[in-house]
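# Working through the structure, step by step
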Amino acid sequence: MLDKKSLAFLKALVACPAPSGFEQDGQRLMARHLKAAGVESAFDVHGNLHAVLNEGAPTKVMLEAHCDEIGFLVSYIDERGLLYLIANGGVTPQTVAGERVVIQGRNGPVNGVFGVRPPHLMSAAERDNVAPKEVSDVPVDIGACSKEEAEALVALGAPAVVDAGWRPLAGSRVSCRGLDNRIGAFIVTEVMRRLAEEPLAPLNVALHLVGSVQEELGLIGGQTTSYLVNPDIGICLDVGFATDVNPSDRRKMGDVRLGGGPIVGTGPLYNPRLRQMLLDSAKLEDIPVQPQVRARAAGNNAYSMRLQRGGAAVALVSIPLRYMHSPVEVVDLEDVERIIRLLCAFIGSLPANPDLTPAL
C-alpha cells in the first residue's frame, strides 16, 4: 500500500480543483513533490508540466498523465443573483441536481449549490423529469440576493467543480471527484520520484514526465507536449472503465475489476512489442494485469503520442475506475500501488536502445 507521505500527497492533489484550463494549482503540488526528490520541473506556455531524468540518453520515454478534470464555467448571472453554468468537459448533466459546487471567485473560493425544486411543488410529470437535460437548466445558488452582489463575488467565465471530496470506503477503496485523472497524475509523479530517490540501477533511457492540460477538451496538452518531447516510447496513464458493477458493460469493455491490477491496453494503437515488455515486467514483479481491448483510437493521449512527428511506440496503462465522469469516482489504492511498482520496474529495465519495430 501507499506510505503515509505518498497518501498525504495524493489527498492534497485531489483536493485542488483543476478543471480543464485551470490545472496549475495541482501541478504546482506535483512540482514541489518532485523537487523534494531533486527533480526540477517547468511549465510550458500552455501550462503543461515537464520534468526529465537522465536527459541526453539515446531513447526518450514520455510518461504522460493529464491533470485536468471535468467541471463547469460560469456563463450567466441573472437579476436574482443566481448563476448558470456550462459544462467544461464531458459532464453528465443528470448527476448535478442537488450537488454542491465550489467556484473560483474573485477573492477566493465561493460555495454554491445546484438548486432543485421541492417535490411538493411539482406536478407528477415534473417529478418524473427531475434530472436536467443540460447543466444550464439548473441554477446555482451562492446565497446572493442580486446580480450586483453575485457579480462582486464571481466573474463570468470563472471555473467550478462539484464539491465532492475524498471519502475512504471499505478496504483499500476510495471515492472522490476528479480521480479522472488526478490519480494518473499522482502515479507518474510517484514513479519519477521513486526512480530519482530509490533506483535499483542507473536509468538507460531519458524519462520525460508530462502532466498535460486540457485532455478533456480534445487531447490538447498531449498533442503539444508530444511534439515538444518527440518521444521514442510513450506511456499514457489514464483511468479505465471497471465493469464489475454493471456486468452488461463487459460486452463492450471486457471483464475489468477494481483490485484486479493495472489495465494494459490492447489493440491496433498500441505497440505489440512494448505491450509484451510491460506484461513481462508484470510477470517478473508478480503483478496481475487486466487487458482492455480498443479497436480504434481511444480518447486519451496515447493517441497524441502515436501521431506526433514520426510517431512513438505507445502503450496505455490504466487505473480501473468505477463511475467515470461523476462526482463519486472510485478506485482501489492497491491497484494504484501495483501500477507504480510495474512502471518503476519496466522503465528501470529498459535497455538504452530497445527495438520496437516489427520483425521482417
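Here goes a summary of the coordinates provided. (Residues numbered from 1 in each chain as written. Predicted model: local features only at pLDDT ≥ 70, side-chain atom pairs only at ≥ 80, totals over all residues. Heavy atoms only, no water.)

Counted under the stated rule, the structure contains 15 salt bridges. In this structure, the salt-bridge partner of Glu-190 is Arg-193, at a minimum N-O distance of 2.9 Å. Placement of both Glu-190 and Arg-193 in helix 5 (residues 179-197) is noted, with a separation of 3 residues, approximately one turn of the helix. Of the charged contacts, one joins Asp-355 and Arg-273 as a salt bridge, the two residues approaching to 3.7 Å between their closest N and O atoms. With a gap of 82 residues between them, Asp-355 in the segment after helix 10 (333-349) and Arg-273 in helix 8 (residues 272-284) connect regions that are remote in the sequence. Exposure remark for Arg-273: the relative accessible area of 32% places this residue in the partly exposed category. A cluster of three or more residues bridged by salt bridges with shared partners is formed by Glu-190, Arg-193, Arg-194, Glu-197, Glu-198 and Glu-337. (Salt bridge = Lys/Arg side-chain N within 4 Å of Asp/Glu carboxyl O. Helix = DSSP H or I, 4+ residues; strand = E, 2+ residues; numbered from the N terminus. Buried < 20%, exposed > 50% of the residue type's maximum accessible area, 1.4 Å probe, protein only.)

A separate point is the sheet that holds strand 3 (residues 60-66). Pairing within the open sheet is mixed, and its 8 strands lie in the order 1-2-12-3-13-16-14-15. Pairing within the sheet leaves two strands with one partner each, and these edge strands are strand 1 (41-43) and strand 15 (290-293). Each neighbouring strand pair of the sheet contributes to a mean axis angle of 25°, computed without reference to strand direction. Here helix 2 (residues 24-36) sits on the sheet in contact with strand 1, strand 2 (49-53) and strand 12 (206-212), set at roughly 160° to strand 1. This element, helix 6 (residues 220-229), spans strand 2, strand 3 and strand 12 of the sheet and lies at about 155° to strand 12. (Pairing = 2+ DSSP bridges. Axes fitted to C-alpha atoms, helices over the stretch in contact; angles between N-to-C directions. Contact = heavy atoms within 4.5 Å.)

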